Amino acid sequence: MTAFSVLDLVPVREGGTVAEAFAAATELAQKAEELDCKRFWVAEHHAMDGIAGGATSVVLAHIGNATDRIRIGSGGIMLPNHTPFQIAEQFGTLDALFPGRIDLGLGRAPGAGPELQRALRKNLHAASEHFPQDVIELRALLTGEIDLAVTATPGLGADIELWMLGSSLFGAQLAAQLGMPYAFAAHFAPDHLDAALEVYRRDFRPSEALARPHVMVAMNVFAADTDEEAKLLASSQQQSFVALRTGTPGKLPPPVADYTDSLPAPARAMLDRLGEAAAVGKPDTVRAAIEAFVARTKADEIILCGATFEPQARLRSLELTVEACRAVAA
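Worth saying up front: this structure is predicted, and the values here are computed from it rather than measured.

About the thresholds
- Residues numbered from 1 in each chain as written.
- Predicted model: local features only at pLDDT ≥ 70, side-chain atom pairs only at ≥ 80, totals over all residues.
- Heavy atoms only, no water.
- Helix = DSSP H or I, 4+ residues; strand = E, 2+ residues; numbered from the N terminus.
- Rg over C-alpha atoms; globule rule 2.2 N^0.38 Å.
- Buried < 20%, exposed > 50% of the residue type's maximum accessible area, 1.4 Å probe, protein only.
- Contact = heavy atoms within 4.5 Å.
- Areas by Shrake-Rupley, 256 points an atom, 1.4 Å probe, with all protein chains shown as cover.
- Lys, Arg positive; Asp, Glu negative; His and termini not counted.
- Charge placed at Lys NZ, Arg CZ, Asp CG, Glu CD.
- Phe/Tyr/Trp six-rings, centres within 6.5 Å; stacked < 30°, edge-to-face > 60°.
- Lys NZ or Arg CZ within 6 Å of the ring centre and 35° of its normal.
- 1 Å grid on protein atoms, 1.4 Å probe; cavity = no way out; pocket = protein on both sides within 12 Å on 5 of 7 lines; lining within 4 Å.
- Points joined across faces, edges and corners; volume = space filled by probe spheres on them.
- Nonpolar A, V, L, I, M, F, W, Y, C, P; charged D, E, K, R; others polar.
- Salt bridge = Lys/Arg side-chain N within 4 Å of Asp/Glu carboxyl O.
- Axes fitted to C-alpha atoms, helices over the stretch in contact; angles between N-to-C directions.
- Parallel < 35°, antiparallel > 145°, perpendicular 65-115°, else oblique.

Colleague: Would you mind going over the overall build of the chain with me for this structure?
Modeller: Across its full length, the chain carries twelve helices and nine strands. Over its C-alpha atoms the chain spans a radius of gyration of 19 Å, differing by no more than 12% from the 20 Å that the globule rule assigns to 330 residues. Each principal axis of the C-alpha distribution contributes one length, and for the chain these read about 60 × 45 × 40 Å. For the chain, with 330 residues in total, the buried portion stands at 52%. Restricting to contacts in the chain with at least 6 residues of sequence separation, those with at least 24 account for 71%. Surface exposure of the chain reaches about 14700 Å², of which carbon and sulfur atoms provide 53%. Both charge centroids of the chain, one from 28 positive and one from 41 negative side chains, sit 3 Å from each other.

Spelled out as structure tokens, the structure:
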């Protein structure tokens, strides 16, 4: 049976504030828990006016305090931005505060230009080359499976579920080699989805943490009472994608009717490609798209993405989507 979770970028909308973004993320996490979603993940991004989840572990602590049982975690922590020891301490702290509820999804892409590298005091591209070794070190800091010169306190012995994130064959290969569950970011990079899942399942090596392959795939999902309303809701995130890909990222804009009709062909083609991992429409439309996507990927879990300009619209979208998801799961 496929499980369903929520990924939130903590979007800051035009005319809104960071504080409002955190309040909306908290309400969304509470709604996800109410609907019995399995996980609520927050993604790490830096120096972007429209995304407020940069201090990911701090945001998760707030979300943890506002919820009771839903798993909370990173989707993901970009490990080249940090040291393994720092992340072991941060997520060890989260596990001590919210025992048995913490996920740690790890990504390799630094996603940073020269200015951010200077701000972080890191050569992020060089650090990304050490990503496999850093993952092994981080796992050892948490499990004690390798003797290290230092001990993370908190950290050592923490009950944390480690995930590998990816959008290419590299992450799939590393997840398989280390025996980790694998989450594929199809919501913004679907090109290598099928090949990556094939490689992960084919090459998987069992570990103490995981006996067999376990896959989660991200989808953009916008549900509303009508197909037309859902398409309008989706246009805010579509505008953000186009702005990001054209080098002009900003805050989440209000929806625009028939937005794609005004776009040049390359931008429409990009959005059409992203639509391969999306479900937009009324509940029956969403149900059919999710069912087809699960059949294609054979995913053990689907994590639902999709920022809306009005936070209440996302809560409603999640409610309608979970109803559709339950039908698929049944």
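Colleague: So what exactly am I meant to see when it comes to the packing of aromatic side chains here?
Modeller: All told, the structure shown has four aromatic pairs when counted by the stated rule. Centroid distance Tyr-182 to Phe-184: 6.3 Å. Interplanar angle 75 degrees. Geometry classified as edge-to-face. By relative accessible area, Tyr-182 is classed as buried at 0%. For Phe-184, a relative accessible area of 1% translates into the label buried. Of the aromatic side chains, those joined through ring pairs into one cluster are Tyr-182, Phe-184, Tyr-200 and Phe-204. Here the guanidinium or amino end of Arg-13 rests over the ring plane of Phe-309, the centre of that ring lying 4.8 Å away. Note that Arg-108 overlies the ring of Phe-170, its terminal NZ or CZ placed 3.8 Å from the centroid.

Colleague: Any chance you could explain empty space enclosed by the protein here in plain terms?
Modeller: If you roll a probe as big as a water molecule over the atoms, it shows you where there is empty space left. As enumerated under the stated definition, the model contains one cavity of 30 Å³ or more in all. Taken as a whole, the largest cavity spans an internal volume of roughly 80 Å³. The wall of the largest cavity is formed by Val-6, Leu-28, Val-221, Leu-304, Cys-305, Gly-306, Arg-314, Ser-317, Leu-318 and Thr-321. Where the lining of the largest cavity is concerned, the elements lending two or more residues are β9 (301-305) and α12 (311-329). The dominant element in the lining of the largest cavity, judged by the number of residues it contributes, is α12, at four residues. Residues belonging to the lining of the largest cavity are distributed by class as follows: six nonpolar, three polar and one charged.

Colleague: Sorry if this is basic, but what is going on with the pattern of salt bridges here?
Modeller: A side chain with one charge can pair with a side chain of the opposite charge if their charged atoms come near. Under the counting rule described, the total for this entry stands at 18 salt bridges. The shortest N-O distance in the salt bridge between Lys-31 and Glu-34 comes to 3.3 Å. Pair noted here: Lys-31 and Glu-34 are both in helix α1 (residues 18-34), with a separation of three residues, about one helical turn. Residue Lys-31 is classed as buried on the basis of its relative accessible area, which comes to 13%. Assessed through its relative accessible area of 52%, Glu-34 is described here as exposed. In this structure, Glu-276 and Arg-273 form a salt bridge, with 2.3 Å as the shortest nitrogen-oxygen distance. With a relative accessible area of 35%, Glu-276 lands in the partly exposed category.

Colleague: Sorry, what's going on with the packing of helix α2 (residues 56-66) against helix α3 (residues 84-97) here?
Modeller: Helix packing geometry: the angle between the two helix axes and the distance between the axes. Between α2 and α3, whose axes approach to 10 Å, the crossing angle comes to 5 degrees. Comparing the axis directions of α2 and α3 gives the class roughly parallel. Contacts between α2 and α3 involve Ser-57, Leu-60 and Ala-61 from the first element and Gln-90, Phe-91 and Leu-94 from the second. Split into classes, the residues belonging to the contact of α2 with α3 amount to four nonpolar, two polar and no charged.

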